[in-house]
Amino acid sequence: MIRQAKGKTPRRAAKKPSNNQKDPVGVYCRVRPLGAEDEECCIEVISNTTIQLHAPDGLKANRNGEFKETQYSFKKVFGIKTTQGELFEDVAKPLVEDLIHCKNGLLFTYGVTGSGKTYTMTGSPGQGGLLPRSLDMIFNSISPYQAKRYVFKPDDKNGMEVQNQVDALLDRQKRDSQTAVPKTPTTRRIDPEFADMISQEEACKADGVDEDTSYSVFVSYIEIYNNYIYDLLEETHIDPIKPKPPQSKILREDQNHNMYVAGCTEVEVKSTEEAFEVFWRGQKKRRIANTQLNCESSRSHSVFIIKLAQAPLDADGDNVLQDKNQVNVSQLCLVDLAGSERTSRTRAEGSRLREAGNINQSLMTLRTCIEVLRENQMCGTNKMVPYRDSKVTHLFKNYFDGEGKVRMVVCVNPKADDYEETLLVMRFAEMTQEVEVARPVDRPICGFAAGRRQRNQAFKEELTRRLEERGGPLDGESPTVLNQLLQSFPPLPPCEISGPNDDVTLPRLIEALEKRHKIRQMMIEEYNKTANMLKSVLQEQDSNLLSKENFIQEQRGKLGEKDKMLQNQKNEIDRLEKKSKMLEYKIDILQKTTNIYEEDKRSLQHELESREQRLQREMSEKRRMEARMQGIVTDSKLKWEKECERRVNAKQLEMQNKLWVKDEKLKQLKAIVTEGKPENRQPQRPSREKDKVPAKRSASPSPVPTGPPVRPLHRRSHSAGGERWVDHKPTTNVDLDTVLQPNIPNAIKVNAPNEKALSKCDKYVLTHQELASDGEIQTKLIKGEVFKTRGGGQAVQFTDIETLKQENPLAASRKRRSSETGPDCELNERDWTDVETRCSVAMEMRAGSNLGPGYQHHGYQKRRKP
Ligand code: ADP
Ligand code: MG
């Protein structure tokens, strides 16, 4: 045995490394006639491979630039006059030939609703479509070589078994007893509804049918609606009062990784009529189911699967070889797809919208799968093809990633209304042509000598002929045989007695009769011998029969066991199916939950984005504020720096003045000490000569007199014109907004003391401002008398310091009250501006006051004053 083929279908390419050849998907285009003569047409067949699309007038206006005429090319284009037979010749016949030669095929019709898909696939009375014609061709080719019913038996796992003659016979008997099916289907009355779908005249036949093979045809019919699979051939008890909705089926993968509909009914059919009748039964059921499910047939996909099982005859050419491994199963799937239009066109509403969505979804998945396949093949990529996304693509996955011939008839209605949908159909069809599918390989032939069936038949014919020659009617010997036998006896002598003395005739007769008797005896013996032999043969046969009956009994027992097992497995399958439904439902719910979460996520993201934007805005605002603050800070820093500088300068001047005052005092002190001996009084150059403020010092009234100072008592006479004051106010002084401003009438106001001013006056006052310990500005009026020096210069002798201070009325009032005695306070108020009074007040402050040493020094001066 060199055949390796397994009874599985279809095969995967991976298992056939020898098959490298690929063919593109064959795409054909069929244009149906317009519904009405006056309809606008948008399609023109320009050759037998090309069509041209013209955008309808209405569309050209609102579609700028996209109204150019587009051409689409296909393997072949069938115009409106094409007959069903012509289409079959080109499109389906090669697929049927492949089927008979153990190769798989897939044929689907694609197009918008009303474009002629069903017409092409099924046809109408008198004009049978591809389906009835395919069935007819199959049976025309194989009917002489068909196996008896139930010799091939589907194993429910997408495989095929061969039953022995006895089991097959038992199954047949069971079928006959259950259904009153007449034994000869060909003589049956055909349903008039589809009677002339199959015409006898156009019958065609496949070439090269192997006569030494036994064939059997099985058909299944399913509908895929809303991504659920329904078995249209399932025998169900239909309750007319409360019809149950049809149960959906699931897809399974067999041990060769081929997809199949689990538990799908496979009906063995023996003739075109029977097959088509089964199809029609499914068709009727589909109509009923569609009304139950409230669906239009244009929204569902229908799949008619023809399985051809074949196995070689045994060496005698008598029976099918009892070897499962020798069974070959090929299948042809005829698919009438749902209308390819978009949802809007179906005018679907409510729950129908969802259905339409799903239908479109499965066609979308088909489109996506084709796209990915094409990309993978053209670009060498290895993207995952999403077959599993819909039942239709999942079921036919093996055709695309395994092997088999795939053909598509694109149906188009040339009417202008369909233009946009047709455009999409054309694009998909063109793309599909670019996908390649592995070419199915030829099956190796089995090892037996060819011509077994013929030899067996010739032998059988010969046998009957011989039997007929030898045998005959059982009611007595046939005349010819009897005559022959009689002739083998010696003839009887004449028995007429000539006279009473005739003693010759009788003895001669007796002799002859004795001879005959002897022969008879011999014949009886022969007969008995033969009879005995026959008896023993019969007995042998009897015992044989008995043992066979026992065997049958045994097999029946086994069958029962198997039935039980089958039942268990069926229950298990039911359970699993329920579970899978449950899981599908759960998945649905999870999907919905996911959607809700995604919605939430989107809204949160949105919020996050808006918040981020706000943050951004606030950040930039902050930065602007910072910049502004920076500006303000640098401004005020500059201002304060200036202020500090100013204050430092003031302080410096003040210190210089103080220094000058101290110098003067020192000089005067020296003068006092050296009063008695003026000749010795040599003015000392103050050590601070080198001080860094010579300019200011020089401006001060001659700190370095050229001669010894005049006597202090040598005052300028008052009578000359009353007291005259030099009012020295440094420019650095702050203008205080207070009433306690020394206002000396007739005074010479100077910013810096100078010789000229001093020479004209006899009194000097310096208004000096400084910062008191409490932070307030206090003003000191340092007063002195101007003397002429001997050298002709001017010198000032300080006599008095008056302190003017501003205080916070609340904080200072108590302090004031405690330091001043009531009446004095008021008394002084009046004379505050009088310098002399102020000098005396300052004097009184001397004793016990905690003024600095400078003040004590002034006190001393005052005391010395006459
Ligand atoms: P689909 O299945 O694509 O929705 P149908 O096959 O039901 O479309 O066709 C719609 C109508 O058009 C039917 O009445 C059918 O008989 C008719 N029709 C379709 N194609 C042809 C054709 N090539 N020649 C004549 N009539 C056709
Ligand atoms: Mg249809």
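Before going further, it helps to examine the overall build of the chain. Along the chain, the regular secondary structure elements total 21 helices and 26 strands. Looking at the chain as a whole, 39% of its 866 residues are labelled buried. Contacts in the chain between residues far apart in sequence, at least 24 positions, make up 73% of those at least 6 positions apart. Of the accessible surface of the chain, which amounts to about 52100 Å², a share of 53% is contributed by carbon and sulfur atoms.

Going through the model one piece at a time under the given rule, you end up with 12 aromatic pairs. Both rings, one in Trp660 and one in Phe798, keep their centres 6.2 Å apart while their planes meet at 90 degrees; by these two values the pair is edge-to-face. With a gap of 138 residues between them, Trp660 in helix α15 (residues 505-673) and Phe798 in strand β26 (residues 794-805) connect regions that are remote in the sequence. Given the relative accessible area of 1%, Phe798 is considered buried. For the pair Tyr764 and Phe798, a centre-to-centre distance of 5.9 Å together with 80 degrees between the ring planes defines the contact as edge-to-face. Taken as a pair, Tyr764 in strand β24 (residues 763-771) and Phe798 in strand β26 lie far apart in primary sequence, 34 residues in all.

The strands that make up a sheet pair up through hydrogen bonds in the backbone, lying either parallel or antiparallel. Pairing is mixed across the open sheet formed by five strands, whose spatial order is β23-β22-β24-β25-β26. Two strands bound the open sheet, and with one partner strand each, they are β23 (748-750) and β26. Here the strands of the sheet are splayed against their neighbours by 25 degrees on average, with no regard to which way each runs. The pairing of strand β25 (residues 777-788) with β26 spans 11 bridges and is antiparallel. In the sheet register, Lys783 faces β26, and the bridge partner there is Asp800. Contacting β24 and β26, α15 runs over the sheet at an angle of about 130 degrees to β26.

Let us look at a nonpolar patch on the surface. Nonpolar side chains collect at one region of the surface, where Ile497, Leu506 and Ile510 lie side by side and expose about 270 Å² of accessible area between them. Its place among the elements puts Ile497 in the loop between α14 (479-488) and α15. Ile497 gets classed as partly exposed once you look at its relative accessible area, which sits at 49%.

A few words on helix α3 (residues 93-100). Where burial is concerned, most of α3 is hidden: six out of the eight residues are buried. Looking only at α3, the buried set comprises Lys93, Leu95, Val96, Asp98, Leu99 and Ile100.

With that settled, the discussion passes to the packing of helix α2 (residues 84-91) against helix α5 (residues 130-142). Think of two packed helices as two axes; the pair is described by the angle between the axes and how far apart they sit. Between α2 and α5, the least distance of the axes is 10 Å, while the angle of their chain directions is 60 degrees. Crossing angle aside, the handedness with which α2 passes α5 is right-handed. On the side of α2, the interface is formed by Gln84, Gly85, Leu87, Phe88 and Val91, while α5 contributes Leu130, Arg133, Ser134 and Met137. Residue composition of the contact of α2 with α5, by class: five nonpolar, three polar and one charged.

Counting residues in each nonpolar core, the largest one holds 54 residues, and the members touching the most others are Ile51, Phe74, Leu106, Phe396, Phe400 and Met426. Here this core takes seven residues from helix α12 (residues 419-432), the largest share from any one element. Apart from residues lying up to four places away in sequence, Met426 is in contact with Cys29, Ile51, Leu53, Tyr72, Phe74, Val410 and Val412. By size, the runner-up hydrophobic cluster in this structure holds 45 residues, among which are Ala92, Val217, Ala275 and Val409.

What follows covers the site of ligand 1. Every residue near ligand 1 is listed here: Arg30, Arg32, Pro33, Val112, Thr113, Gly114, Ser115, Gly116, Lys117, Thr118 and Tyr119. Thr118 is positioned with one of its side-chain polar atoms (N or O) 2.7 Å from an oxygen atom of ligand 1. Within the contact set of ligand 1, an oxygen atom lies 2.7 Å away from a backbone nitrogen or oxygen of Tyr119. Bound to the protein, ligand 1 loses 66% of the 550 Å² it would expose on its own. Each residue belonging to the shell around ligand 1 can be placed in one class, and the counts come to three nonpolar, five polar and three charged.

Turning our attention to helix α6 (residues 165-178). When the terminal C-alpha atoms of α6 are compared, their 20 Å separation across 14 residues agrees well with the 20 Å that a helix rising 1.5 Å per residue should span. If you follow the buried residues of α6, they end up packed against β10 (152-154), α7 (272-293) and α15. Sitting at the head of α6, Asn164 places a side-chain oxygen 3.1 Å from the backbone nitrogen of Val166.

Judged by how many residues are buried, β26 sits mostly within the fold: 10 of 12 residues are covered. Here β25 hands over to β26 after five residues, with Gly792 in that stretch at a positive phi of 95 degrees.

All right, on to the side chain of Arg453 then. Among the secondary structure elements, Arg453 is positioned in helix α13 (residues 452-470). Here Arg453 sits buried without a salt bridge, and the closest side chain of opposite charge, Asp212, lies 5.4 Å off (N-O distance). A polar contact is formed between the side chain of Arg453 and the backbone oxygen of Glu211, at a distance of 2.4 Å. In contact with Arg453, not counting residues within four places along its chain, are Pro144, Tyr145, Glu211, Asp212, Thr213, Ser214, Leu313 and Gly317.

With that settled, consider the sheet that holds strand β4 (residues 50-53). Read from one edge of the open sheet, three strands run β3-β4-β5, paired in antiparallel fashion. At either margin of the open sheet sits one strand with a lone partner, and together these are β3 (43-45) and β5 (70-73). Taken pair by pair, the neighbouring strands of this sheet meet at an average axis angle of 25 degrees, ignoring direction. Strand direction decides the pairing type here: β4 and β5, joined by four bridges, are antiparallel. Each bridged residue has a counterpart across the sheet, and for Leu53 the counterpart in β5 is Thr70. Of the strands in this sheet, β3, β4 and β5 are in contact with α12, which crosses β5 at around 40 degrees.

Glancing now at the pattern of salt bridges. Using the criterion set out here, one finds 32 salt bridges in the structure. Lys405 is the partner of Asp98 in a salt bridge, and the nearest nitrogen-oxygen pair spans 3.2 Å. With Asp98 in helix α3 and Lys405 in strand β20 (residues 405-412), this pair connects stretches of sequence that are 307 residues apart. By relative accessible area, which is 11% here, Asp98 ends up buried. Between Lys324 and Asp155 there is a salt bridge, with its nearest N and O atoms 3.1 Å apart. Taken together, the residues span a long stretch of sequence, with Lys324 in the loop between β18 (301-312) and β19 (328-336) and Asp155 in the loop between β10 and β11 (160-162) at a distance of 169 residues. Of the residues examined, Lys324 reaches a relative accessible area of 34% and is grouped as partly exposed. Residue Asp155 is classed as buried on the basis of its relative accessible area of 12%.

Cut-off values and rules
Residue positions are counted from 1 within each chain, in the order its sequence is given. Chains and ligands are labelled by the order in which they are written, letters from A for the one and numbers from 1 for the other. It should be noted that, the model being predicted, local features are given only for residues of pLDDT at least 70 and side-chain atom pairs only at 80 or more, the latter also being counted only at that level, while totals for whole chains, interfaces and linings use all residues. Excluded from the side-chain calculation are hydrogens and water; included are all heavy atoms of the structure. A run of H or I in DSSP counts as a helix once it spans at least four residues, and a run of E counts as a strand once it spans at least two, with each numbered from the N terminus. Residue exposure (1.4 Å probe, protein chains only): buried if accessible area is under 20% of the type maximum, exposed if over 50%, otherwise partly exposed. Should any heavy atoms of two residues lie within 4.5 Å, those residues are considered in contact. Surface exposure here means Shrake-Rupley accessible area, sampled with a 1.4 Å probe, where a residue is shielded only by the protein chains that are shown. Aromatic rings from Phe, Tyr and Trp, taking only the six-membered ring of Trp, are treated as a pair when their centres fall within 6.5 Å; an angle between ring planes under 30 degrees marks them as stacked, one over 60 as edge-to-face, and anything in between as tilted. For two strands to be treated as a pair, DSSP must find no fewer than two bridges joining them. Each axis is a line fitted through C-alpha atoms, taken for helices only over the stretch in contact, and angles between the N-to-C directions span 0 to 180 degrees. Only residues above 30% relative accessible area that lack a salt bridge enter a patch, with like-charged residues linked at up to 9 Å and the nonpolar side chains Val, Leu, Ile, Met, Phe, Trp and Tyr linked at up to 5 Å. The salt bridge criterion pairs a side-chain nitrogen of Lys or Arg with a carboxyl oxygen of Asp or Glu, the two atoms within 4 Å. Throughout, a crossing is termed right-handed when the near helix is turned clockwise from the far one, and left-handed when it is turned anticlockwise from it by less than a right angle. Polar here means any residue other than Ala, Val, Leu, Ile, Met, Phe, Trp, Tyr, Cys and Pro, which are nonpolar, and Asp, Glu, Lys and Arg, which are charged; Gly is therefore polar. Buried residues of nine kinds, namely Ala, Val, Leu, Ile, Met, Phe, Trp, Tyr and Cys, make up a nonpolar core once their side-chain atoms join them within 4.5 Å. Only a single heavy atom is needed: when it lies within 4 Å of a molecule or strand, its residue is near that molecule or strand. Think of a polar contact as two N or O atoms within 3.5 Å of one another; within protein, one of them needs to be a possible hydrogen donor and the other a possible acceptor, and neighboring residues in sequence only count if both atoms come from side chains. One less than the residue count of a helix, multiplied by 1.5 Å, gives the span that helix is expected to have. For the purpose of charge, His is not counted, nor are the chain termini; Lys and Arg are scored as positive and Asp and Glu as negative.

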